[in-house]
Amino acid sequence: MDFGPYLMLAIMEGALTAAVLALTASGLALVFGVMRVVNVAHGEFFMLGAVLAWWVTQLAGGSPVLGFLLALCVVPVLVGMLAAFVDMTILKRINYDPERTIVATIGTLYILQQVTLMTYGPEARPVAPPFNARIALPWIDMSDGTLRLYWPWGLSITSYKLFVIGAACVVLLGLWSLMTKTKLGLLMRATEQDREMALAFGIPVQRIYAIAFGLGAGMAALAAVLIVPIQQAHYLMGGDPLLLSFIVVIIGGLGSLPGAILAALLIGLSDGIISIFFSPTLAKIFATLFVAFVLVFRPKGLWGTGKP
Amino acid sequence: MMSDSKKDCFAHGGVLLFLFALQFFLPAYHHGNMARIMVLASYAIGYNLIFGYTGLLSLGHAIFFAAGLYGSGLAISQFGFSVGVALVIGVTAGCVLSAVIGALALRTEGVAFMIVTLMFAQAGYLTVLYFGEYTRGDEGFVLAHADRVLWGVSLSDQTSRYFSAFSLFCVSLIMCLALVRSRFGKVLIAIRENEERTQMLGYNVVWYKFCTIILSGSISALAGATYALLFGYVGASFASVEYSIYPLLWVLLGGAGTVIGPLVGMIFMFYLIDLSSGVTTAYMLVAGLVLVFLAVFAPQGVMGEVRSRMWKWLS
């Protein structure tokens, strides 16, 4: 393949990564923004989403379309409810103290991971995509001074991958309108701005916290349901999404939703393109060091307006 | 009636005496375990200085432990240095690394500090994997028995291994005890309790924190270097996030800000995992449950509770 089509392919894969990452990271950003706590177990909610998606599609039996639709509707709700339960039983008791919350969510991380290992097992299991047509993409070629459209071998994307990118956009738009247009969004933003004042105005902050925590985890689970037909479900799959979401949330400015989405796009696309030129390990080293230096020298994030 | 200060010294001396005497009674399996526990407890003591006494929650101490581990391990396997030199190289590596990371990370505070330390440690872990040609990555490498001889004594022999681990633990514990009883230690506790007020009283808070990070990183590296020399195995898992979480777990369990707490937490956690791994492969479940339980019900840990209820004089 020539370089042009190759780059195009990398951008397509990058867009897919960015779409899933934007969903996962906006969940983390939401939780950090509203509750001012760092949820280290976020990656495990992602993992649970994938594992439960496998479980639901198994229950639904033969039809991949039915199973997938069921998983898409049921799994994020289940995971969200579990997260809200964690919030009400654990985080509420430690009064959202930032450091103790980190310790408690690290504990939750291990509990979720190990319980999955005990029940689901150490195998990676695939979920059949509901539809998976291969779409060949054309490329423009300049030869003998005339433009010519042709279909290079290997330059293609599946319809399912396009669907994931589209679905991610729809969900993010939904989240945006939830935050800006609805009463619940208003209450969440009020809690985010000033917890004490929100309490004084009679906003049920405790319930808002539980909802925000559940919604954040639900976003991660939804991202996982979308990606699981491409990437298999495994009990250790939560590590990378957690790290990448951290990176995205920090670069985008802690707690800022638009910043997180923009950063997800940047990271996802550059991840696809950088890994053409460098080894993936070296790319990860640069990415982690980059995050550390952003936090050290620009604690508000690259475009952040939020409080550090 | 003894003064509180004397009681404190006697209590810690008693613990050391007990650990020394223990080697004559323990069966072989637990003999080896105790050597390992004392080395890792020294690592936890290093961590406790920064977390328990100064109140800085670092999530990246594995990088210092690994600096010692790989510093001395690679010095032997790649360059053929002697054990003594390798130990010095390991500690120096940890010392330099902690100075660099400390200088950068101390520009941040709170949650940002945790994430910065976590990210540096992750970069360190990935670097170990990246240079897999020398480090053998996750698989790790083994140091030969013949290379692990200090002053004619083989460190792989059981008795000398216990004794070396005990010496390391003695050094760490006495250093920690002396430090927290000194003026310097009191300032650290003041920083933990109220940073603004300490600063207002004229102490250079950042300088104290910086020195503590270097000290803490060096002790962690010393423990890592000793681990490589005593047990002869160097692997990437010691640089992973888990090994940054473990000392936090041990210290919290035993009691943050108590000198003996890291050892208590380490023994408890080691045998809890040892026993449960006989029952299930998902033994980290125990660690998770303990962490949540500690965060919710006992933020002071075992020795912290003992101090606040019984022995108020305990350092």
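Thresholds applied
Residues numbered from 1 in each chain as written. Chains lettered and ligands numbered in written order. Predicted model: local features only at pLDDT ≥ 70, side-chain atom pairs only at ≥ 80, totals over all residues. Helix = DSSP H or I, 4+ residues; strand = E, 2+ residues; numbered from the N terminus. Rg over C-alpha atoms; globule rule 2.2 N^0.38 Å. Buried ≥ 20, exposed ≤ 12 C-beta atoms within 10 Å, placed from the backbone. Axes fitted to C-alpha atoms, helices over the stretch in contact; angles between N-to-C directions. Parallel < 35°, antiparallel > 145°, perpendicular 65-115°, else oblique. Left-handed = near helix turned anticlockwise from the far one by under 90°. Contact = placed C-beta atoms within 7 Å. Nonpolar A, V, L, I, M, F, W, Y, C, P; charged D, E, K, R; others polar. Core = buried A, V, L, I, M, F, W, Y, C linked by C-beta atoms within 7 Å. Expected span 1.5 Å × (residues − 1). Bend = angle between axes of the 7 residues up to and from the residue. pLDDT = per-residue confidence, 0-100. Arc of directions from axis to C-beta.

Q: Could you clarify how one ought to interpret the overall build of chain B in this entry?
A: Secondary structure assignment for chain B yields 14 helices and four strands. Relative to the compact-globule value of 20 Å for 315 residues, chain B shows a C-alpha radius of gyration of 19 Å, a close match. Taken over the C-alpha atoms alone, chain B extends approximately 55 × 45 × 40 Å along its principal axes. Of all 315 residues assigned to chain B, the portion counted as buried reaches 49%.

Q: Just checking my understanding: could you explain the overall build of chain A for this structure?
A: For chain A, the count of helices and strands is eleven helices and four strands. Whereas a compact globule of 308 residues would reach a radius of gyration of roughly 19 Å, chain A reaches 20 Å, a difference of no more than 12%. Based on the C-alpha atoms only, the size of chain A along its principal axes is roughly 75 × 50 × 40 Å. Within chain A, the fraction of its 308 residues that count as buried is 46%.

Q: Mind showing me how you'd approach the environment of A:Ala167 here?
A: All names here are of chain A. Mapping Ala-167 onto the fold places it in helix 5 (residues 159-181). Residue class for Ala-167 comes out partly exposed when judged on the 18 C-beta atoms lying within 10 Å of it. Sequence separation between Ala-167 and Leu-226 is 59 residues; the distance between their C-alpha atoms is 8.4 Å.

Q: I'm lost on the packing of helix 2 (residues 28-53) of chain B against helix 10 (residues 205-231) of chain B in this one. Help?
A: A pair of packed helices can be characterised by two numbers: the angle between their axes and the separation between those axes. All names here are of chain B. One can describe the packing of helix 2 onto helix 10 by two numbers: an axis separation of 7 Å at closest approach and a directional angle of 170°. The angle between helix 2 and helix 10 places the two elements in the roughly antiparallel class. Note that helix 2 runs across helix 10; the crossing there is left-handed. Residue-level inspection shows Ala-35, Val-39, Ser-42, Tyr-43, Ile-45, Gly-46, Tyr-47, Leu-49 and Ile-50 of helix 2 in contact with helix 10, the latter providing Thr-212, Ile-213, Leu-215, Ser-216, Ile-219, Ser-220, Ala-223, Gly-224, Thr-226, Tyr-227 and Leu-230. The residue makeup of the contact of helix 2 with helix 10, split by class, is 13 nonpolar, seven polar and no charged.

Q: Is there a simple way to explain unusual backbone geometry in this structure?
A: What is expected of a backbone is that most residues other than glycine have negative phi and most peptide bonds are trans. All names here are of chain A. Despite not being glycine, Arg-36 has its phi angle at roughly 60°, a positive value. Of note, Arg-36 is situated in the loop between helix 1 (3-35) and helix 2 (42-60). On the neighbour-count criterion, Arg-36 (17 C-beta atoms within 10 Å) is partly exposed. One non-glycine residue, Asn-95, adopts positive backbone phi at about 60°. Position of Asn-95 among the secondary structure elements: in the loop between helix 3 (64-91) and helix 4 (98-119). Look at Asn-95 and you get exposed, because 8 C-beta atoms sit within 10 Å.

Q: I keep staring at the interface of chain B and chain A and nothing clicks. Help me out?
A: Put simply, an interface is often sized by how much accessible area is lost when its parts join up. Between chain B and chain A, the residue contacts involve 33 residues of the former and 34 residues of the latter. The set of elements that each furnish at least two residues to the side of chain B that touches chain A consists of helix 5 (111-130), helix 11 (242-254) and helix 13 (284-297) of chain B. In terms of residue count, the dominant contributor to the side of chain B that touches chain A is helix 5 of chain B (13 residues).

Q: Explanation requested: the nonpolar core in the structure shown.
A: Most often, soluble globular proteins have nonpolar side chains that are buried together. One finds A:Ala53, A:Ala221, A:Ala224, A:Val248 and B:Leu249 to be the most contacted residues of the largest nonpolar core, which totals 197 residues. The greatest single-element share of this core, amounting to 16 residues, is contributed by helix 8 (residues 205-227) of chain A. Discounting residues that sit within four places of it in the chain, A:Ala224 has contacts with A:Phe46, A:Met47, A:Gly49, A:Ala50 and A:Ala53.

Q: Please clarify how helix 2 of chain B should be interpreted in this entry.
A: What sets the pattern is the α-helix's 3.6 residues per turn: residues three or four places apart point alike. Residues and elements named next belong to chain B. With 26 residues, helix 2 extends 36 Å between its outermost C-alpha atoms, agreeing within 8% with the 38 Å of an ideal straight helix rising 1.5 Å per residue. Of all the bends in helix 2, the greatest measures close to 40° and is centred on Tyr-47. Positive backbone phi, approximately 80°, marks Gly-55, located one or two places after helix 2.

Q: What is the right way to read the packing of helix 7 (residues 158-181) of chain B against helix 10 of chain B from this model?
A: Residue and element names in this part refer to chain B. Packing of helix 7 against helix 10 brings their axes to within 11 Å, and their N-to-C directions diverge by 180°. Here helix 7 lies roughly antiparallel to helix 10, going by the angle between them. Every residue of helix 10 that contacts helix 7 at Arg-161, Ser-164, Ala-165, Leu-168 and Ser-172 is listed here: Ile-219, Leu-222, Ala-223, Thr-226 and Leu-230. Class assignment for the residues of the contact of helix 7 with helix 10 results in six nonpolar, three polar and one charged.

Q: Even after reading the chapter, I still don't get the confidence of the model for chain B, so can you show me in this structure?
A: Segments scoring low in pLDDT should not have their predicted coordinates read at a detailed level. On average, residues of chain B score 83 in pLDDT, and 97% of them reach the 70 mark or higher. Overall fold confidence for the complex sits at a pTM of 0.80, while the interface term, ipTM, reaches 0.76.

Q: Can you help me understand helix 6 (residues 183-193) of chain A in this one?
A: Residues and elements named next belong to chain A. Listing the buried residues of helix 6 in full gives Leu-187, Met-188, Thr-191 and Glu-192. What you see down the axis of helix 6 is that its buried residues fit within an arc of 140°, all on one side. Set apart from the buried face of helix 6 by more than 90 degrees, the exposed residues are Lys-183 and Gln-193. Of the surrounding secondary structure, the elements contacted by the buried residues of helix 6 are helix 1, helix 5, helix 7 (195-200) and helix 8.

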